[in-house]
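# Notes for the structure review
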Amino acid sequence: MVMKAAKKSDSCSASITIGATEDVDSLIASLETEDVMVVKNIDDINIQIKSENLSDLRARLNTALRSLQAASEALIEVDRSE
């Protein structure tokens, strides 16, 4: 099988899968304003990000990951204060 290198102008996508926890709804809510599709399964959530070019996909992926990280850190702090 021969793979060709992706060009910056190629349409592309990325997928993130996170194991489901009791706080999964909060993580999903953190992505509400992002341009992503979230599929909630029994055992995990799958976040799908699509873009018309590689540079935009990278930016969208970074933003989604930052949102998830901020939500995760907020949930950790809430757990500590209880």
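Look up a bit, the structure's there.
Residues numbered from 1 in each chain as written. Predicted model: local features only at pLDDT ≥ 70, side-chain atom pairs only at ≥ 80, totals over all residues. Heavy atoms only, no water.

## Examining the nonpolar core
The condition is simple: To qualify as a nonpolar core, a set must consist of buried Ala, Val, Leu, Ile, Met, Phe, Trp, Tyr and Cys residues joined through side-chain atoms within 4.5 Å. Throughout, exposure labels follow a simple rule: accessible area from a 1.4 Å probe, protein chains only, divided by the maximum for the residue type, with under 20% read as buried, over 50% as exposed, and the rest as partly exposed. Only runs of H or I of at least four residues qualify as helices and only runs of E of at least two qualify as strands under DSSP, and these elements are numbered from the N terminus. Note on contacts: a residue pair qualifies if any of its non-hydrogen atoms lie within 4.5 Å across the two residues.
Grouped together as the largest cluster of nonpolar side chains are 16 residues, with contacts concentrated most on Leu31, Val36, Ile47 and Ile49. Counting only elements with at least two residues in this core, the list comes to strand S1 (12–19), helix H1 (24–30), strand S3 (44–51) and helix H2 (54–81). Per element, the largest residue contribution to this core is five residues, and it comes from H2. Excluding residues within four positions of it along the chain, Ile47 makes contact with Ala14, Ser15, Ile16, Ile18, Leu31, Val36, Met37, Val38 and Leu68.

## Considering the pattern of salt bridges
Let me state the cut-off plainly: We count a salt bridge whenever a side-chain nitrogen from Lys or Arg sits within 4 Å of a carboxyl oxygen from Asp or Glu.
Applying the stated criterion across every chain yields a total of four salt bridges. For Asp35, the salt bridge goes to Arg60, with nearest N and O atoms at 2.6 Å. Placement of the pair is Asp35 in the loop between H1 and strand S2 (37–40) and Arg60 in helix H2, with a sequence separation of 25 residues. With a closest N to O distance of 2.7 Å, Asp56 and Arg60 form a salt bridge. Of the two residues, Asp56 and Arg60 are both situated in helix H2; the distance of four residues between them amounts to about one turn of the helix.

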